[in-house]
Amino acid sequence: MKRKVIVGASLLAVGVVMATTAAIIEKPGTVVWDNGISYQKTTDMKETNLSNQLPKDTSVIKKIKIESNSKNVYIQRGNQFSVTETHVDSKDKAQVAYLNGELNVKATTGVRRILSFDLDDSDIRMPRIIITVPETSKIDTIDVTQSDSEVTLSDLNTENITVKSDNEDVNLTRVISKNITLDVQNGEANLHNLTADNLQVGLENDDLTLAGSTIKTLKADLQNGDAELEHSKIETGGYLRNENGDISIETTQLPTFSAHTENGETEISPTVPGQQSGQVAFVIQNENGDIEIE
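Residues numbered from 1 in each chain as written. Predicted model: local features only at pLDDT ≥ 70, side-chain atom pairs only at ≥ 80, totals over all residues. Heavy atoms only, no water.

Caption draft 1: Summary view of the environment of phenylalanine 81. Inspection of the secondary structure puts phenylalanine 81 in the loop between β5 (72-78) and β6 (82-87). Once the C-alpha coordinates of phenylalanine 81 and serine 51 are considered, the two residues, 30 residues apart in sequence, prove to be 7.7 Å apart. If sequence neighbours within four positions are ignored, phenylalanine 81 has contacts with Ser51, Leu54, Thr58, Ile61, Ile64, Leu103, Ile131, Thr132, Val133, Pro134, Ser137 and Ile139. (Helix = DSSP H or I, 4+ residues; strand = E, 2+ residues; numbered from the N terminus. Contact = heavy atoms within 4.5 Å.)

The following block contains the structure:
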């Protein structure tokens with residue numbers, strides 16, 4: 001048994017060395033696992049337009065559901081409805097289906113990115129799915145489940161947004177929505193210029209940034225990361241709770257609030273209004289880290 005383990009580990013090490021050597025010679029590209037370790041050159045990337053799989057009348061699309069791994073997901077505003085992707089192997093092509101108002105995009109493969117070699121580390125060179133939604137479209141729901149790549153939503157106006165992401169960042173910019181729910185593990189949540197009635201964030205092992213946003217109710221739970229709120233407004237209330245990281249709130253309007261940390265320092269500028277004890281609208285709690293509000 002031990003001999004099999006040693007041989008397997010040796011072959012894996014040899015594969016890593018060979019792929020890395022190819023990367024050094026032929027970069028830019030990515031070392032991947034695809035039933036074995038291999039190297040994918042950026043120049044082998046193909047772009048495919050999948051828009052012919054959309055319904056002829058795209059106004060019937062009310063929900064976008066995406067399931068993906070190892071491909072960056074972009075949903076953005078544009079002139080016309082479209083779905084495009086980049087990939088190296090044709091077997092990695094996404095599947096697009098429409099039924100009863102729901103556009104379903106599935107891009108799950110056995111490919112796992114291990115290490116990238118790119119001088120400018122540009123996301124545009126990574127395998128990706130891009131969905132463009134015209135401003136005239138009335139999308140009620142966007143639901144993204146992703147692993148091992150980034151999710152980016154920008155310039156959108158929709159009722160409900162749900163993103164579940166493992167091992168990479170989630171980026172929302174200039175998004176208007178009634179309900180936004182984010183579940184992010186091992187990646188950052190970068191939220192800029194949001195307008196939302198309800199924003200709920202669960203975040204493990206990385207940081208939360210909320211900037212330039214207006215949120216009625218914020219409910220955020222963090223573990224092992226920092227939380228930073230700046231130039232924003234929390235109108236109604238909610239909570240911001242953290243374990244093992246700092247909380248920083250700067251030039252942000254808060255309703256009546258309380259702030260407490262178990263093991264750390266709490267610093268609140270005397271110019272910040274709204275701090276109270278007892279019944280409050282917004283609760284700021286920390287276990288192992290500082291709280292700074294100014």
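There is more to say after this.
Caption draft 2: Examining a negative patch on the surface more closely. On the surface, Asp226, Glu228, Asp246, Glu265, Glu267, Asp290, Glu292 and Glu294 cluster together to form a negatively charged patch. Position of aspartate 246 relative to the elements: it lies in the loop between β18 (233-243) and β19 (247-250). (Patch = residues over 30% accessible without salt bridge, like charges linked within 9 Å, V, L, I, M, F, W, Y side chains within 5 Å. Areas by Shrake-Rupley, 256 points an atom, 1.4 Å probe, with all protein chains shown as cover. Salt bridge = Lys/Arg side-chain N within 4 Å of Asp/Glu carboxyl O. Lys, Arg positive; Asp, Glu negative; His and termini not counted. Charge placed at Lys NZ, Arg CZ, Asp CG, Glu CD.)

Caption draft 3: Structural detail: unusual backbone geometry. Within the chain, arginine 174 stands out as a residue other than glycine whose phi angle is a positive 50°. A positive phi angle, close to 50°, is found at histidine 231, a residue other than glycine. Looking at where histidine 231 falls in the secondary structure, it is placed in the loop between β17 (227-230) and β18. Owing to a relative accessible area of 51%, histidine 231 belongs among the exposed residues under this scheme. (Buried < 20%, exposed > 50% of the residue type's maximum accessible area, 1.4 Å probe, protein only.)

Caption draft 4: Here's a closer look at the pairing of β5. As paired strands, β5 and strand β10 (residues 128-134) are joined by seven bridges and run parallel to one another. The residue of β10 that forms the bridge with asparagine 72 is arginine 128. Across four bridges, the pairing between β5 and strand β12 (residues 151-166) is parallel. Residue glutamine 76 lies in a different strand from β12, and its bridge partner there is serine 154. (Pairing = 2+ DSSP bridges.)

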